[in-house]
Amino acid sequence: MEQEQIAILAQNVYEFKEALKRLINAVSLDHEIKNKEAQSTAHECLSDVLKILKNLLEKHPGLQSTEILLKAQKLVHLVQAYTSGNQGSRELYDFINKLATSFSLRLSEYLMGDSDTCVPQIHEEPSTPSTKEPGLDGKRSPLQKPKQQTFGIELEKHLNMTGAEVPHIVVKCINEIDKRGILVKGIYRVSGVKSKVERLCREFETDEKNVDLSETHPNIIANVLKLYFRQLPQPLFTYQLYSEFLRFALNWPCNTNKDPHKGIEELQQIIEKLPKHYYATVKVIIKHLKRVSDHSECNNMSTGNLGIVFGPTLLRTIGTHSSLSSLMDTVHQTRTIELMITWSNHLFNA
């Protein structure tokens, strides 16, 4: 997805966010529907939400999902029940935020280009136990075991367990992609075969250090690496520094004419606040992404495209997907990673 398409999507998402906020204001927690005017306002706001959502899904069909459509349908019923006096404002308010959550998650998957290969979050247990070992069909992932060794483990805890400076899975995947995948068109953007992604995840979970990647297609390796970063309980750039990175991105938009030396200094100051284990892993992945972008004429993975892929994965905040305002953070997440890759030789010169 090119920068122009991202800008259009960002505007569409902004309109959807604003429509949801208007609906929330119409069903504010501090009052109940008492007259026809208030009922009419709620229905008008609902109509705006549905029109904008319909427009979004038509323009960007990759955002469509059964979950989003079902939630939109349920929203209609809840608003009808609320305006008729059969539903409280709290239930409707909470559900609007659930819709925002689902949409934000779908948006993140869509921008990363691998929504079809997502392994379910390993810390989420299924609602009902299964007697067999399902795969990526929405039931129970093979990664959902009582004892995790690689996926879904805090970075520092994982490194203490293995005695490594950077996770073996990160080093092994990067080395193999540098060797065989750096010229592959759409590397980190093209989805891998679900069963093969799942199988490799299982191999890393069983014996991370001795996994053999020599016969594995680079797209499978790239998908697994993204899944590893996405499932870190604490994102690679940490919750604590999220707001600082986003403020930086706001000050350094795409059309800025500022002196890059000042930007490099500002960004470096933030990066150096990372805990040492996080810093070491950040350095490895960003320098790798710079090598990938250096071959963008062959692989079509510019710094901007890599920012789109890795921004929502490496930069997250607590409660990101339950906040309406977070729907617009994607643009700034992307910009932060883009600049970090562009300036990597100055940021990580040691």
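Residues numbered from 1 in each chain as written. Predicted model: local features only at pLDDT ≥ 70, side-chain atom pairs only at ≥ 80, totals over all residues. Heavy atoms only, no water.

## So, the environment of T334
In step 1: Assignment of secondary structure puts T334 in helix 14 (residues 329-342).
In step 2: As for T334 and N305, which are separated by 29 residues in sequence, their C-alpha atoms are 8.5 Å apart.
In step 3: Here T334 is in contact with G304, G307, I308 and G311, once residues within four sequence places are set aside. (Helix = DSSP H or I, 4+ residues; strand = E, 2+ residues; numbered from the N terminus. Contact = heavy atoms within 4.5 Å.)

## What about the confidence of the model for the protein?
In step 1: This prediction gives the protein a mean pLDDT of 81; 81% of its residues lie at or above 70.
In step 2: Of the regions scoring below 50 in pLDDT, residues 114-146 engages in 66 contacts with residues more than four places distant in sequence or in other chains. (pLDDT = per-residue confidence, 0-100.)

## A closer look at the pattern of salt bridges
In step 1: For the structure on display, the rule yields 11 salt bridges.
In step 2: Residue R180 pairs with E176 through a salt bridge whose shortest N-O separation is 2.7 Å. Of this pair, R180 and E176 both sit in helix 6 (residues 168-181), four residues apart, which is roughly one turn of the helix.
In step 3: According to the relative accessible area criterion, R180 is partly exposed, its value standing at 31%.
In step 4: The class for E176 is buried, based on a relative accessible area of 11%.
In step 5: Because the salt bridges share partners, they merge into one network encompassing K17, E18 and K21. (Salt bridge = Lys/Arg side-chain N within 4 Å of Asp/Glu carboxyl O. Buried < 20%, exposed > 50% of the residue type's maximum accessible area, 1.4 Å probe, protein only.)

## Some thoughts on the environment of M301
In step 1: Along the polypeptide, M301 turns up in the loop between helix 12 (296-299) and helix 13 (303-314).
In step 2: Overall, the relative accessible area of 2% leaves M301 in the buried class.
In step 3: For the pair M301 and I182, spaced 119 residues apart in sequence, the C-alpha to C-alpha distance is 9.6 Å.
In step 4: Residues within four places of M301 in sequence aside, it is in contact with G186, I187, Y188, R189, V292, S293, S296, L306 and V309.

## Observations concerning helix 5 (residues 155-162)
In step 1: Three or more residues of helix 5 are buried, namely L155, H158 and L159. Take helix 5 and look down its axis: the buried residues cluster within an arc of 95°, on one side only.
In step 2: Packing partners of the buried residues in helix 5 comprise helix 8 (218-230) and helix 11 (276-293).
In step 3: Of the residues trailing helix 5, G163 is marked for its positive phi of about 75°. (Arc of directions from axis to C-beta.)

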